[in-house]
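In case you want the letters, here they are:
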Amino acid sequence: MKYISTRNLRNKKTFQEIVMEGMPFDGGLYVPEVWPKVDVVDLRELKYADLAFEIIYPYCSDSISHEDLRNILDNTYKEFHHPKTAPLIDIGQNKYILELFYGPTFAFKDYALQFLGRLFQFLLNKEGKKVAIIGATSGDTGSAAIDAFKLKSNIDIFILYPHEKVSEVQRRQMTTVVESNVHTIAVRGDFDDCQKIIKKIFFDKEFLSKVNISTVNSINWARIVAQVVYYYWSFLQIPKNINKVNFIVPTGNFGNVFAGYVAKKMGLPIEKLHLVTNENDILHRTISNGEMIIKDLQKTYSPSMDIQISSNFERQLFESLDRDSEKLSLIMNSFIEQGSYKLETNIVNKLKEIYDSYSVTDAEILKIIKLYNDKYKYLADPHTATGLSVLEKNDNRDHPFVSLA
């Protein structure tokens, strides 16, 4: 398997190279040259770590042996505190909730970052190198990354978060870690300002020539592929024969829902991906009418989704442009420079073939938390509730709907 940049089809790299680099020098994002196929047939009885092996190995077989990958994955998921790792909750009427909060920091990012921490350590030991990891967070990524990388002797981790704009629990998870390889930095601004600092570093070739640096944000491909696993997992947990499934995905940076797109490309029979934002709704506006316009960031009850520039959307745009890297570069440069871009109708139509999109207000979030507590005795956090608002409205009985929690 070789990897290309969304902005340069010619520069092909291995899995090990793109994981350690995190982001290409040209400002794009790495994607696989082809999409491997993994059929759901005969996967149903596998444990989570074994299923993860089947999904991930085709992407890294040139860099990691069977035995080493199995060992990494076994050690990753044995620490999760639920026997099913990611349990699927049946609430009736073909509606399900996939619970993704059984890792050490209770964030869904644990499912990818616990893997990434062990993967980095393995690859660095193999090369005899050290690395500085840098990441931006709106809450989830930072605490999960710090837990995954603390105590790693060959890794220093630096996490940037927006001052007073993350949840208090996650702020404490990040700032009370005493290990000497962990460095947490509050930035006066929002998540997008933190992300800009990260990207500026990766654009500085002179600086990068002097240090060994990578990232844990979902711009790192290894994060995405690890998240593909739980889409397959949830499909296989539905206790009846089905030929299509729908997923409802709360999202801010587009990484989680893009992992669903990857699962679809790999062969998982996904009918539609239902993307849900909070009041920071640029992704909803982009999918529904092609309106990529940056507006003032709103502080909401779901702060991990308070994002305006969704980095991973570039990967989807690359796909929807039939992998035209020159066209993509023109769009992204115009969007960043001007703060807006209007996508052509044919591109919007391609996006709508895959995604339905929604935006949920804080008032709606409070109502849905109360409704699910009263109706189902299910207590949801505000991020989960954005997805449940769509699950509750849907009356499609033909195919199951799975909302990610």
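Asks: Explanation requested: unusual backbone geometry in the structure shown.
Replies: One can expect most non-glycine residues to show negative phi and most peptide bonds to be in trans. Positive phi, close to 65 degrees, is recorded for threonine 85, a residue that is not glycine. Examined against the element boundaries, threonine 85 turns out to sit in the loop between helix H3 (66-77) and strand S4 (88-92). Judged by its relative accessible area of 9%, threonine 85 is buried. In this model, phenylalanine 254 sits at a positive phi of 75 degrees, which is unusual for a non-glycine residue. Following the sequence through the fold, phenylalanine 254 ends up in the loop between strand S10 (245-250) and helix H10 (255-266). For phenylalanine 254, a relative accessible area of 0% gives the class buried.

Asks: For this particular structure, what's the right way to read the layout of surface pockets?
Replies: One simple way to see leftover space: roll a probe sized like a water molecule over the atoms. Quantified by volume, the largest pocket comes out at close to 850 Å³. Lining the largest pocket are 42 residues, with Phe108, Asp140, Ser304, Asp381 and His383 sitting closest to its centre. Of all elements in the fold, only helix H5 (140-149), helix H6 (168-175), helix H9 (221-237), H10 and helix H16 (382-393) reach the threshold of two or more residues within the lining of the largest pocket. In terms of residue class, the lining of the largest pocket is built from 20 nonpolar, 18 polar and 4 charged. For the second largest pocket, the calculated volume is near 660 Å³. What lines the second largest pocket is a set of 33 residues, and nearest its centre among them are Lys196, Lys199, Ile309, Phe335 and Ile336. Listing elements by their share of the lining of the second largest pocket, those giving two or more residues are helix H7 (191-203), helix H11 (282-289), helix H12 (313-320) and helix H13 (325-338). Among the elements that take part in the lining of the second largest pocket, H7 stands out by supplying 7 residues, more than any other. Within the lining of the second largest pocket, the residues separate by chemical class into 13 nonpolar, 8 polar and 12 charged.

So, how was this worked out
Residues numbered from 1 in each chain as written. Predicted model: local features only at pLDDT ≥ 70, side-chain atom pairs only at ≥ 80, totals over all residues. Heavy atoms only, no water. Helix = DSSP H or I, 4+ residues; strand = E, 2+ residues; numbered from the N terminus. Buried < 20%, exposed > 50% of the residue type's maximum accessible area, 1.4 Å probe, protein only. 1 Å grid on protein atoms, 1.4 Å probe; cavity = no way out; pocket = protein on both sides within 12 Å on 5 of 7 lines; lining within 4 Å. Points joined across faces, edges and corners; volume = space filled by probe spheres on them. Nonpolar A, V, L, I, M, F, W, Y, C, P; charged D, E, K, R; others polar.

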